[in-house]
Amino acid sequence: MFTSYLKIAWRNLWKQKVFATVNMAGMSIAICAALLLSLTAYHEWSYDNFQENKDHVYQLYRQDNTGKGIRVNKSFSEPMAGVLQKEVPGVTHVSRIGGGDMPVRYKDKNIYLDVEMVDAPFLEMFSFPLQQGNKQTALGNLDQLVLTQNSAKALFNEENPVGKALEVKIGDRWKPFVVSAVTDNIPDNSSITFEALVRFENVEDYSNIRDNWNVSSYPLMVEVAPAVSAAAFGKSLVPITHKYLADLINSLKSMDGVPDKDGELLRINTIALKDIHLSPYSSFGSGLRPFYPWMMLMLACLIIGIACVNFINLSIARSFTRGSEIGLRKALGAMDRQLMLQFWSEAFLLCLVSLIVSLLLAVLLLPYYNATFRHQLSFQLFRNGWIVLGTALGFFLVTLLAGGYPAWKIARVNIIQVLKGKLNLNRSSGVRNGLIVFQFMVAAVLISCTAIIWQQINFIHATPLGYNTTQVISIPADNAPLQSRTAFGNRLATEPSVVSVSGSILNLGIGMDGSSGNWTRGFDHKGGHISTQCMVVDYDYVKTLGLKMVTGRDFSRQYGTDSSGVVINEQLAKQLNEKDPLGATINTGGPVYHVIGVMKDYHFESLHKKIEPLMLTMDAQSRMNYLFVRVNTDHPAAAMAHISAIWKEVNPLAKNTPSFLDENVDRLYRQEGRFSRIFMSGAILAISISCMGLFAIAVMVVAQRRREIGIRKVLGASVGSIVVLLSGDFLKLVLIAVLVATPLSWYLMQRWLNGFAFHVEIRWWMFAGVCLLAVVVALATTGLQTIRAALANPAASLKVD
């Protein structure tokens, strides 16, 4: 029986090719967009789900309640790991994590690998299965090394890697290691990644940080027993902070810190492994905020909702041509449920074809979607049965929503009316108007959000950062030996386009190597404790970056004492609270520094954060991880290519590509750029589908009011007054939609902007512009139909029975 309904539905749709094509196009595009957005949300939520201990492994971070707000530190000092293991009940394993790209050589083969330095229990804490070796003993010795399957193949081809000796260049020294195990390749949805593992004690500066509570350099991961809840573990960390971080707590008191609800000025908080990917406080997070997947899912639902509204409006508008058919079938005894099933089968068939088309579109658009929005989606996700079930359930709900209401409404019309070939659906005008308001409210929200995000991105690009971004090239040093860096500097000294060269252990922005970071140091000063960002730099750092000095001087080769000197920013100068900061001493528990200069504050981190205290130091033993080259040329691209070639010549193992600092800064705001593109695409799609629905309503309303229009013209109404009359009803609905959308948009965007320490203010004229745009779109969509109706011959209109 249902098969016969489908056959009849196919014939009816084939007769109405224009209706079917328009409806199918809108629904196909909407389903395709919703499918891609839903897969994006699922992919983000799937991170670390493969980890067996995801509910019991935590990353720690420190929260300081200062007088100026909350300050977060993601790194801990080296002794903290041992303290947690020995003194906190329920802790089973602890691991520090540090490292990065390092040269690895085996015989005559040299490659770069992401070598992470971890503690021995790392492989027991995390679910990275071993193909060879034993996870309990794989990192038992300091000279043992674990490879992934891909890195083992890159180094050894088909040889058995276990037991083979190789070398890793850590700092300026090659250290020997023996391969002890091989893991499976790291899943795409893992927050923690590596290509090789060695023991943490191999960190280059381990002798300096060992037992040093004043240096916080590395993230800390802790596994607790299953019986220990996150809340209980958090409470057990309070005595640790009081015992070992008392100086920091006293410093916060001296700075008028505001205690939290439990009276704590300093607290060590936890992030569960399952939440790390979307946590802003994690060292291994993606930079996305937790609401990002929800935003994807909500946008998908809104686009599908608009398409369903459009489907309903077009279905009801089309029913005017089927009054005789409906009346005849009811006169011959057709029951309401049979008519409902017939109309729903047509909707089901149309939605099924739309689903097939949308899947084909998704396959074709997926590479472009991944490239545009920087995703890594694949249809392998459909191997998950829950995704297939969710897609099928969503499709069924869409057919019920899009086809069910029109079928129910049409099937219940009065038989006398339909036998006359008339359908009076005026009672549904309230629902119809509500649907129009919903469509344009969604469109207005998306347009408003897009406009505000676009303004914030422009603000970010226009805000002076306090240093030169357009003429400075950032080059990841890739563990290059000192002689290579020296040779590079000597070569550049002869280049006319090069103004100066310097270096630092930390980059600015996010470089082509994908890394960024900070280094926090604490020290006591005048009875209080001060926490500051620290950056080890080379000579000419201030000159190369174009920083401005307030007082004092930069590091200079003419002064032999500059190895114990520091240059500080204005924020740190305020915290020192010295009448004249020049000459002030800073005792970090190791070397004693003296201030030689104060520079103006500059945004060494993103605009999401306030400018923190900062001090620049020099250390002949520290390796410069990044080189900075300032150029002065009208051909920056050619200068970049030339300098890159020189760097590759002096350091043949160079892995990462140099980049200008403005490119590094742009990468800090990839999330915002992604938001802008997604909202813009969603807004265009929502407006397009909404206009289709509004056009269908205009056709339906004009058809219903044809006699009224004819009578008004006979009584002397002008064409203009009739156009205003017909358009006015639509404009009222659009204005209501904008009024509803305005506070919702303001609330959403205000919460988003609060994530920036520096941001634009939301202005009233932004929403006025959205309102004007919505009015123009509505007039353009309905104008043609209303003008045609107003110009129609009233005699022809009045003949319509």
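See the structure printed just above.
This one's a predicted model, so the numbers in the text were calculated from it and none came from an experiment.

Caption draft 1: Structural context of the overall build of the protein. From N to C terminus, the protein includes 25 helices and 23 strands. Burial statistics for the protein: of 801 residues in total, 53% are counted as buried. Counting only contacts in the protein whose residues sit at least 6 apart along the sequence, the fraction spanning at least 24 positions is 80%. For the protein, the accessible area works out to roughly 36000 Å², and carbon and sulfur atoms hold 58% of it.

Caption draft 2: Spatial organisation of the pairing of strand β9 (residues 196–199). Taken together, the 4 bridges between strand β4 (residues 109–118) and β9 define a ladder with parallel strand orientation. Residue pairing for β9: E116 is matched across the bridge by L197. Summarising the sheet, strand β6 (residues 144–148) and β9 pair through 2 bridges and their orientation is antiparallel. Looking at the pairing, V146 lines up with L197 of β9.

Caption draft 3: A look at the nonpolar core. Ranked by internal contacts, the top residues of the largest apolar core, which has 169 residues, are L166, F488, Y541, I568, Y602 and L616. For this core, the leading source of residues is helix α15 (residues 429–462), giving 15 residues. Ignoring sequence-local partners within four residues, the contact set of Y602 consists of L465, G466, Y467, L508, M535, Y541, L547, I611, L614 and L616. Among the nonpolar cores identified, the runner-up in size contains 25 residues, and A81, V91, F233 and L237 belong to it.

Caption draft 4: Here's a closer look at helix α19 (residues 636–650). With 15 residues, α19 extends 21 Å between its outermost C-alpha atoms, agreeing within 8% with the 21 Å of an ideal straight helix rising 1.5 Å per residue. Taken as a whole, α19 has its buried residues at A639, M640, I643, S644, I646, W647 and V650. Along α19, the residues classed as buried sweep out an arc of 160° about the axis, all on the same side. Of the exposed residues in α19, those oriented more than 90 degrees away from the buried face are A637 and E649. Along its buried surface, α19 packs onto β13 (472–476), α16 (482–492), β14 (498–504), β22 (626–631), β23 (659–660) and α20 (661–668).

Caption draft 5: Focus on the pairing of strand β18 (residues 565–569). The buried fraction of β18 is high, at 5 of 5 residues. Taking every second residue as pointing to the same face, both faces of β18 are buried, with G565, V567 and N569 on one and V566 and I568 on the other. Taken together, the 5 bridges between β18 and strand β20 (residues 592–599) define a ladder with parallel strand orientation. Its bridge partner lying in β20, G565 is registered against H594.

Caption draft 6: Fine view of the side chain of S180. Structurally, the position occupied by S180 is in strand β8 (residues 173–183). Here the side chain of S180 touches A138 through a polar contact of 2.6 Å, landing on its backbone oxygen.

Caption draft 7: View of the pattern of salt bridges. Across all of its chains, the model carries 13 salt bridges by this definition. Between E167 and R105 there is a salt bridge, and its shortest N-O distance comes to 2.7 Å. One end of the pair, E167, is in strand β7 (residues 165–170); the other, R105, is in strand β3 (residues 91–106), and 62 residues separate them in sequence. Residue E167 is classed as partly exposed on the basis of its relative accessible area, which comes to 26%. Here K164 and E159 are joined by a salt bridge, their closest N and O atoms 4.0 Å apart.

Caption draft 8: Seen up close, empty space enclosed by the protein. What the rule picks out here adds up to 5 cavities of 30 Å³ or more. Taken as a whole, the second largest cavity holds about 50 Å³ of empty space. Forming the walls of the second largest cavity are F440, A443, A444, I447, I687, V770, L773, A774 and V777. Those elements giving two or more residues to the lining of the second largest cavity turn out to be α15 and α24 (764–791). Split into classes, the residues belonging to the lining of the second largest cavity amount to 9 nonpolar, no polar and no charged.

Caption draft 9: Broad picture of the side chain of Q59. Note that Q59 resides in strand β1 (residues 57–66). In terms of polar contacts, Q59 uses its side chain to reach the side chain of S283, at 3.1 Å.

Caption draft 10: Representation of the sheet that holds β14 within the structure. What the 4 strands build is an open sheet, ordered β14-β22-β13-β23; its pairing is antiparallel. Each edge of the sheet is formed by a strand with only one pairing partner; in this case those strands are β14 and β23. Sheet topology note: the β13/β23 ladder contains 2 bridges and is antiparallel. Note that in β23 the partner of I473 across the bridge is F660. Sheet strands touched by α16: β13, β14 and β22. Its angle to β22, the strand with the most contacts, is close to 0°.

Caption draft 11: Summary view of the packing of aromatic side chains. Applying the stated criterion to the full structure yields 18 aromatic pairs. Seen from their ring centres, Y602 and F604 are 5.8 Å apart, and the 65° between their planes marks the pair as edge-to-face. Note on accessibility: Y602 and F604 belong to one class, buried. Members of the aromatic cluster, joined through ring pairs, are F50, F122, F126, F128 and F194. Positioned over the ring face of Y559 is R553, at 3.7 Å from the centre of the ring.

Caption draft 12: Looking closely at a nonpolar patch on the surface. Where nonpolar side chains cluster on the molecular surface, the patch consists of W45, F291, W294 and M298 and spans about 420 Å² of accessible area. Ranked by the residues each element gives to the nonpolar patch, the list is headed by helix α10 (residues 291–318), at 3 residues. For W294, the location among the structural elements is in helix α10. Of the residues examined, W294 reaches a relative accessible area of 49% and is grouped as partly exposed.

Caption draft 13: Region of interest: the packing of α16 against α19. Following both chains from N to C, one finds α16 and α19 inclined at 145°, their axes separated by 9 Å at the closest point. Of the two elements, α16 crosses α19, and the hand of that crossing is right-handed. Counted together, S484, A487, F488, R491 and L492 of α16 and I643, I646, W647, E649 and V650 of α19 form the full contact between these two elements. Residues that form the contact of α16 with α19 fall into these classes: 7 nonpolar, 1 polar and 2 charged.

Caption draft 14: Looking closely at the environment of T585. By secondary structure assignment, the location of T585 is in strand β19 (residues 585–587). Judged by its relative accessible area of 46%, T585 falls in the partly exposed class. Sequence separation between T585 and V595 is 10 residues; the distance between their C-alpha atoms is 6.5 Å. The residues touching T585, leaving out its near neighbours within four places in the chain, are H525, V592, Y593 and H594.

Caption draft 15: Examining helix α5 (residues 149–156) more closely. Of all the positions in α5, only S151, A152, L155 and F156 are classed as buried. Each buried residue of α5 lies within a common arc of 105° when the element is viewed along its axis, so the set occupies one face. α5 presents N150 and K153 as exposed residues on the side facing more than 90 degrees away from its buried surface. For α5, the elements touching its buried residues are β3, β4, β6, β7 and β8.

Rules used throughout
Residues numbered from 1 in each chain as written. Predicted model: local features only at pLDDT ≥ 70, side-chain atom pairs only at ≥ 80, totals over all residues. Heavy atoms only, no water. Helix = DSSP H or I, 4+ residues; strand = E, 2+ residues; numbered from the N terminus. Buried < 20%, exposed > 50% of the residue type's maximum accessible area, 1.4 Å probe, protein only. Contact = heavy atoms within 4.5 Å. Areas by Shrake-Rupley, 256 points an atom, 1.4 Å probe, with all protein chains shown as cover. Pairing = 2+ DSSP bridges. Core = buried A, V, L, I, M, F, W, Y, C linked by side-chain atoms within 4.5 Å. Expected span 1.5 Å × (residues − 1). Arc of directions from axis to C-beta. Polar contact = N/O pair within 3.5 Å; in protein donor to acceptor, adjacent residues only side chain to side chain. Salt bridge = Lys/Arg side-chain N within 4 Å of Asp/Glu carboxyl O. 1 Å grid on protein atoms, 1.4 Å probe; cavity = no way out; pocket = protein on both sides within 12 Å on 5 of 7 lines; lining within 4 Å. Points joined across faces, edges and corners; volume = space filled by probe spheres on them. Nonpolar A, V, L, I, M, F, W, Y, C, P; charged D, E, K, R; others polar. Axes fitted to C-alpha atoms, helices over the stretch in contact; angles between N-to-C directions. Phe/Tyr/Trp six-rings, centres within 6.5 Å; stacked < 30°, edge-to-face > 60°. Lys NZ or Arg CZ within 6 Å of the ring centre and 35° of its normal. Patch = residues over 30% accessible without salt bridge, like charges linked within 9 Å, V, L, I, M, F, W, Y side chains within 5 Å. Left-handed = near helix turned anticlockwise from the far one by under 90°.

Everything listed here is a matter of coordinates, which is why it stays silent on function.
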